[in-house]
Structure formats: C-alpha cells, structure tokens
Amino acid sequence: MPLEAGLLDILACPACRAPLGDRTAEETPELVCTSDDCGLAYPVRDGIPVLLVDEARRPA
C-alpha cells in the first residue's frame, strides 16, 4: 500500500536526515534512505513506517 504523497514529503531518514524513497508497492514494503552514504531501509508495517534505526535493514 503506497503512502500518501504529502507524508513522504515530510519524512526523512532518522540517521542522516536525507529524503526517503518509497518502495511500499514491492513485496517487502519499505522506505529507503536516498543518501549514498547511509542507504538504510526502514520497514513499513500495516501501512505505518517504522523509522527506528535499530529496525532498519543495512544496505547490501
């Protein structure tokens, strides 16, 4: 389930403050940091972004 466009505009990566990319339409919904240095992927559970660094997936 894609997030509302207005919500995505105000969300930022909690680790580095970069904008987040929307990958909620994929099989494993997540918001991904757009920074080349960070790149953390935050899960979206039941349509709610979990923006906790401890819950984020590290880039491969």
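This structure is a prediction, so every number in the text was calculated from the model and none was measured. (Residues numbered from 1 in each chain as written. Predicted model: local features only at pLDDT ≥ 70, side-chain atom pairs only at ≥ 80, totals over all residues. Heavy atoms only, no water.)

### Overview of the side chain of glutamate 30
Part 1 of the argument: Tracing the backbone through its elements, the reader meets glutamate 30 in strand E2 (residues 30-33).
Part 2 of the argument: Residue class for glutamate 30 comes out buried when judged on its relative accessible area of 9%.
Part 3 of the argument: Not counting residues up to four positions away in its chain, the partners in contact with glutamate 30 are Gly21, Asp22, Arg23, Thr24, Ala41, Tyr42, Pro43, Val44 and Arg57. (Helix = DSSP H or I, 4+ residues; strand = E, 2+ residues; numbered from the N terminus. Buried < 20%, exposed > 50% of the residue type's maximum accessible area, 1.4 Å probe, protein only. Contact = heavy atoms within 4.5 Å.)

### Remarks on unusual backbone geometry
Leaving glycine out, the prevailing phi sign among residues is negative, and the prevailing peptide bond configuration is trans.
Part 1 of the argument: At arginine 17, a position not held by glycine, the phi torsion is positive, near 70 degrees.
Part 2 of the argument: Looking at where arginine 17 falls in the secondary structure, it is placed in the loop between helix H1 (5-10) and strand E1 (20-23).
Part 3 of the argument: Of note, the phi angle at aspartate 46 is positive, near 55 degrees, even though the residue is not glycine.
Part 4 of the argument: Note on placement: aspartate 46 falls in the loop between strand E3 (41-45) and strand E4 (48-49).
Part 5 of the argument: Under the relative-accessibility criterion, aspartate 46 is labelled exposed at 79%.

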